[in-house]
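Okay, here's what each chain looks like letter by letter:
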Amino acid sequence: MAPPLPLIVLLMIHGVSSDDWGVSYSPSHICALKDSTVIMRCTYTYPTGHQIKEVFWTKGPIQEGVELLDLSEDTEYSQRLQYLGDKQQNCNIRLSHVTLKDSHMYYFRFTTDKDKWIGNPGVTLTVTDLQVESPERVTEGDSVNLRCKSSCALTDRATFIWYRNSQPLTERRDRNNELLLQSVRREDSGRYSCAVDGHTHISPAVQLNVMYPPKNVSVLMSGSGVIVEGDSVTLNCISDSNPPALNFSWFKENEPTAVGSGQSFSALQSGRFYCQAHNQHGSQRSDAVTVTVKG
């Protein structure tokens, strides 16, 4: 039996090389937040005896026969791009205020006194904005997760900040990119947006609509409630609910069946009257008011 072949492990770094020529990007894929500043890290090598004459960055696509454009001379980049490298081995650049249109593959190109080289494939930059993912409607008492979404996983470690009605949420209820609302209340209704700590970009706001049964049901009475025989007093049922209550029932104390319906009720006789407001999430009754008929 032949002896086993030795295990050979090859360690590859991202970049391109040929003999002593090479360009390496680290990382090779960057996901950056809109309006942020990005540093593309890069190193390059070339044979001994060559002298660097020109260095610049360009963007794809690369087409044969088409001259490469130096980004520092491109009006879309010239005010935002800064070369941080040198003419030896470092080819880092900084690109500030990135926009969604900056999502491209970028390449480093250098020329020596004897030849030229481009690092292909380059470094891929994806610029993302933020979006809040939220259910449109929830019911009071539900547990809700709101997510701050991006189109790619941000390369830099991110701490997310949440806003309700443009005000930062002081209570810390976030987990990574999620805001946890346990047992939501009607006070949790509002427009929610998110951001990444240390960045200016804020997501568009999304409305969270918390549904709840009638609360604070009361009777509004026209006049003092004292009338003469033959007249009537109008009672109005007022409630706070979401969606608004559309069904109302009227009762006279100590009588088992309803004496009227609708948001308004005309009382013709003495007694204590109360209303009950209903929506699809529940109902609540008011305190009773007294109507007195004289004469």
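Rules behind the numbers
- Residues numbered from 1 in each chain as written.
- Predicted model: local features only at pLDDT ≥ 70, side-chain atom pairs only at ≥ 80, totals over all residues.
- Heavy atoms only, no water.
- Helix = DSSP H or I, 4+ residues; strand = E, 2+ residues; numbered from the N terminus.
- Rg over C-alpha atoms; globule rule 2.2 N^0.38 Å.
- Buried < 20%, exposed > 50% of the residue type's maximum accessible area, 1.4 Å probe, protein only.
- Contact = heavy atoms within 4.5 Å.
- Pairing = 2+ DSSP bridges.
- Axes fitted to C-alpha atoms, helices over the stretch in contact; angles between N-to-C directions.
- Phe/Tyr/Trp six-rings, centres within 6.5 Å; stacked < 30°, edge-to-face > 60°.

### Thoughts on the overall build of the chain
Logical step 1: The secondary structure content of the chain amounts to 0 helices and 28 strands.
Logical step 2: Against the 2.2 N^0.38 benchmark of 19 Å for 295 residues, the chain shows a C-alpha radius of gyration of 35 Å, more extended than a compact globule.
Logical step 3: Structurally, the chain occupies a C-alpha span of about 120 × 65 × 35 Å along its principal axes.
Logical step 4: Per-residue burial for the chain yields a buried fraction of 38% across its 295 residues.

### Considerations on the side chain of Ser 193
Logical step 1: Position of Ser 193 relative to the elements: it lies in strand β19 (residues 190-196).
Logical step 2: For Ser 193, the contacting residues outside a window of four places in its chain are Val 132, Ile 161, Trp 162, Tyr 163, Ile 202, Ser 203, Pro 204 and Ala 205.

### Focus: the sheet that holds strand β8 (residues 93-95)
Logical step 1: Read from one edge to the other, the open sheet built from 3 strands follows the order β4-β8-β7, with strand pairing classed as antiparallel. Edge strands, defined here as strands with exactly one partner in the open sheet, are β4 (38-40) and β7 (81-83). Adjacent strand axes in the sheet meet at a mean angle of 20°, parallel and antiparallel pairs treated alike.
Logical step 2: Note: β4 against β8, 3 bridges, orientation antiparallel. The residue bridging Val 38 from the neighbouring strand is Leu 95, located in β8.

### What about the environment of Arg 157?
Logical step 1: Position of Arg 157 relative to the elements: it lies in the loop between β14 (144-149) and β15 (160-164).
Logical step 2: Taking C-alpha positions, Arg 157 is 19 Å from Val 132, a pair spaced 25 residues apart along the chain.

### A word on the packing of aromatic side chains
Logical step 1: Throughout the structure, instances matching the rule amount to 14 aromatic pairs.
Logical step 2: Between Trp 21 and Phe 110, the ring centres sit 5.8 Å apart and the planes meet at 20°, which makes this aromatic pair stacked. Taken together, the residues span a long stretch of sequence, with Trp 21 in strand β2 (residues 21-25) and Phe 110 in strand β9 (residues 104-112) at a distance of 89 residues. Phe 110 carries the same exposure label as Trp 21, and that label is buried.
Logical step 3: Here Phe 108 and Phe 110 contribute two aromatic rings whose centre-to-centre distance is 5.9 Å and whose plane-to-plane angle is 25°, an arrangement assigned as stacked. Neither Phe 108 nor Phe 110 differs from the other in exposure class; each is buried.
Logical step 4: By the ring-pair criterion, three or more aromatic residues cluster together here, those being Trp 21, Tyr 25, Tyr 44, Tyr 46, Trp 57, Tyr 83, Phe 108, Phe 110 and Trp 117.

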